[in-house]
Amino acid sequence: MREVHLRICAVAIAATWLLVPARAQQSRWASPDDKTAKYIIDMERKWAEGVCADNGVVAALLANDFQGTSTSGVRFTKADELKDEKSIRTAHDCGLDDAKVRYFGDSVAIVYGSEHAVGKDKSQPNVKVCQVWTDTWLKRANTWQIVASHDNRVTCR
């Protein structure tokens, strides 16, 4: 009988916790002088410039469990990006156009950005290619890295 009473109490306590509304994760845009946001944007810039020249940024930038989605909808991993980073470059005039950082708590940041490159599409070597993207950064063991990325090709302005 005592065991049944304890189980009923445990279920009642668990049910009470389910009724307590979860506190929503607070989000905020990074301020212009935010040191971490400046670092994140600088790394995003290096990744965008890495389309033109192997700058070795991918190894530190992407988490080992990184998963990306390309402009064609194909999924890719950190290993895929490392292989791509070592390939022959045909693009030039690569650069970051814009990047904005939004924090969710102390260990997650979403970066919304855009970039461009000329000759990235090997079938059209003199055409400027533009894309917008969303990258998810995670702070683990005091290190910020990208864990997910989604790219979309857009008309250049």
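The structure under discussion appears in the preceding block.
Residues numbered from 1 in each chain as written. Predicted model: local features only at pLDDT ≥ 70, side-chain atom pairs only at ≥ 80, totals over all residues. Heavy atoms only, no water.

A. Molecular detail of the pattern of salt bridges. Scanning the entire structure with this criterion turns up 7 salt bridges. As a salt-bridge pair, Arg 28 and Asp 34 come within 3.9 Å of each other at their nearest N and O atoms. Residue classification places Arg 28 among the partly exposed residues on the basis of a relative accessible area of 43%. By relative accessible area, Asp 34 is classed as buried at 14%. (Salt bridge = Lys/Arg side-chain N within 4 Å of Asp/Glu carboxyl O. Buried < 20%, exposed > 50% of the residue type's maximum accessible area, 1.4 Å probe, protein only.)

B. The arrangement of the sheet that holds strand S4 (residues 92-104) in detail. Taken in spatial order, the 7 strands of this open sheet run S1-S4-S5-S6-S7-S2-S3, and their pairing is mixed. Every other strand in the sheet has two partners, leaving strand S1 (27-29) and strand S3 (75-77) as the edge strands with one partner each. Adjacent strand axes in the sheet meet at a mean angle of 20° when their direction is disregarded. The strands touched by helix H2 (residues 35-49) are strand S2 (62-69), S4, strand S5 (108-118), strand S6 (128-140) and strand S7 (143-154); relative to S4, the strand with the most contacts, the crossing angle is about 150°. Its contacts with the sheet place helix H4 (residues 78-85) against S2 and S3, and it is angled at close to 80° to S3. (Pairing = 2+ DSSP bridges. Helix = DSSP H or I, 4+ residues; strand = E, 2+ residues; numbered from the N terminus. Axes fitted to C-alpha atoms, helices over the stretch in contact; angles between N-to-C directions. Contact = heavy atoms within 4.5 Å.)

C. Highlighting the state of the cysteines. Within the structure shown, the criterion is met by 2 disulfides. Put simply, Cys 52 and Cys 94 are joined by a disulfide, and their sulfur atoms are 1.9 Å apart. Given an S-S torsion of about 85°, the disulfide between Cys 52 and Cys 94 has right-handed geometry. In this pair, Cys 52 is assigned in the loop between H2 and helix H3 (58-61) and Cys 94 in strand S4, connecting sequence segments 42 residues apart. Of the two residues examined, Cys 52 and Cys 94, each falls in the buried class. Residue Cys 130 pairs covalently with Cys 156 via a disulfide, S to S 2.0 Å. With the S-S dihedral at roughly 115°, the linkage between Cys 130 and Cys 156 falls on the right-handed side. Of this pair, Cys 130 sits in strand S6 while Cys 156 sits in the segment after S7, and the two are 26 residues apart along the sequence. In the protein, the bonded cysteines, taken in the order they occur along the sequence, pair up as 1-2, 3-4. (Disulfide = S-S within 2.5 Å.)

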